[in-house]
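# Remarks on the overall topology
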Amino acid sequence: MPTVAVILAAAGKSSRFADKHRKKPFVELSGKAIWLRAIEPFMDLQDVKQLIVVVDPEDLEWFKEKYRPNLAFMNIDVVAGGAERADSVGNALQQLKSEIDFVAIHDAARPLLVKQWVEDIFQVAFQSGAAIPASRIVSTVKKGMNGVITETVPRENLWAAQTPQVFKRDLLEQAYQNRGLFQPTDEAQLIEKIGHVVSIVECSPLNLKITTQDDLRMAQALLQVLPKPKSLAPLHPFAADNSHLFENL
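Parameters at a glance
Residues numbered from 1 in each chain as written. Predicted model: local features only at pLDDT ≥ 70, side-chain atom pairs only at ≥ 80, totals over all residues. Heavy atoms only, no water. Helix = DSSP H or I, 4+ residues; strand = E, 2+ residues; numbered from the N terminus. Buried < 20%, exposed > 50% of the residue type's maximum accessible area, 1.4 Å probe, protein only. Contact = heavy atoms within 4.5 Å. Areas by Shrake-Rupley, 256 points an atom, 1.4 Å probe, with all protein chains shown as cover. pLDDT = per-residue confidence, 0-100.

### Here's the deal with the overall build of the protein
- If you tally the helices and strands in the protein, you get eight helices and 12 strands.
- Burial status across the protein gives 48% buried among its 249 residues.
- Within the protein, contacts between residues separated by at least 24 positions form 73% of all contacts whose residues are at least 6 apart in sequence.
- Carbon and sulfur atoms provide 50% of the accessible area of the protein, an area that totals close to 13200 Å².

Structure (structure tokens):
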């Protein structure tokens, strides 16, 4: 069975989230920090042998102190991020254990991930070497400039990329070695750049990325409709008590 390291990208500035007190990964969603919800689906997967959270250097000591019990119980390594997302992930790659075969990079701002989706992405990545979840674009797509439409883009074959994005370790390391000054918006771009095929795993649009306050309100509502695990046992001592969500199942 291949071994996987999970890198949770939580080093962004959250400039569009518009909360002067907290960055979005550290805001609570139904009683639990968003970043904790994002990492929990990986916790009891046998393939996962290492968990790394990347945070902004200015948040590093605060994060370690604030979440010390969670980090200790969940055996999470904490790494200081860089100037851009790719720099942050690159810093985490330097901390991989020698036995790791695959790397999964997940947005700390995607707290609605479900374990079954993760397992599906892992299986495709293990076969192809590179796989990402994505949802089909269903709306009409317009390209605009200066407040007016310049083009209607055909939506056929268009996908909205999500995370976790999973890659064979040596493939991802090769992509980073060839990155130069390029600043990708996701890791798949780096893999595409070196000519390797990236598989698409169709995933639910419920795997929402929180960017704005409106997204946070939407995520709060969507928590109630996510597929739920069969067991009522909490994942770990710090899990929120969500047993009421199972009463009618």
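### Some details on the environment of Ala125
- Examined against the element boundaries, Ala125 turns out to sit in helix H5 (residues 115-128).
- A residue is classified by how much of its surface remains accessible, and Ala125, at 0% relative accessible area, is buried.
- With 73 residues separating them along the chain, Ala125 and Val198 place their C-alpha atoms 8.7 Å apart.
- Leaving out residues up to four positions away in the same chain, Ala125 has contacts with Phe102, Ala130, Ala131 and Val166.

### As for the confidence of the model for the protein
- Summing up the model confidence of the protein, the mean pLDDT is 90 and the portion of residues at 70 or higher is 88%.
- This stretch, residues 231-235, has a pLDDT under 50; its non-local contacts, to residues over four places away or in other chains, come to six contacts.
- Note on residues 240-249: pLDDT under 50 across the span, and 11 contacts to partners over four residues away in sequence or across chains.

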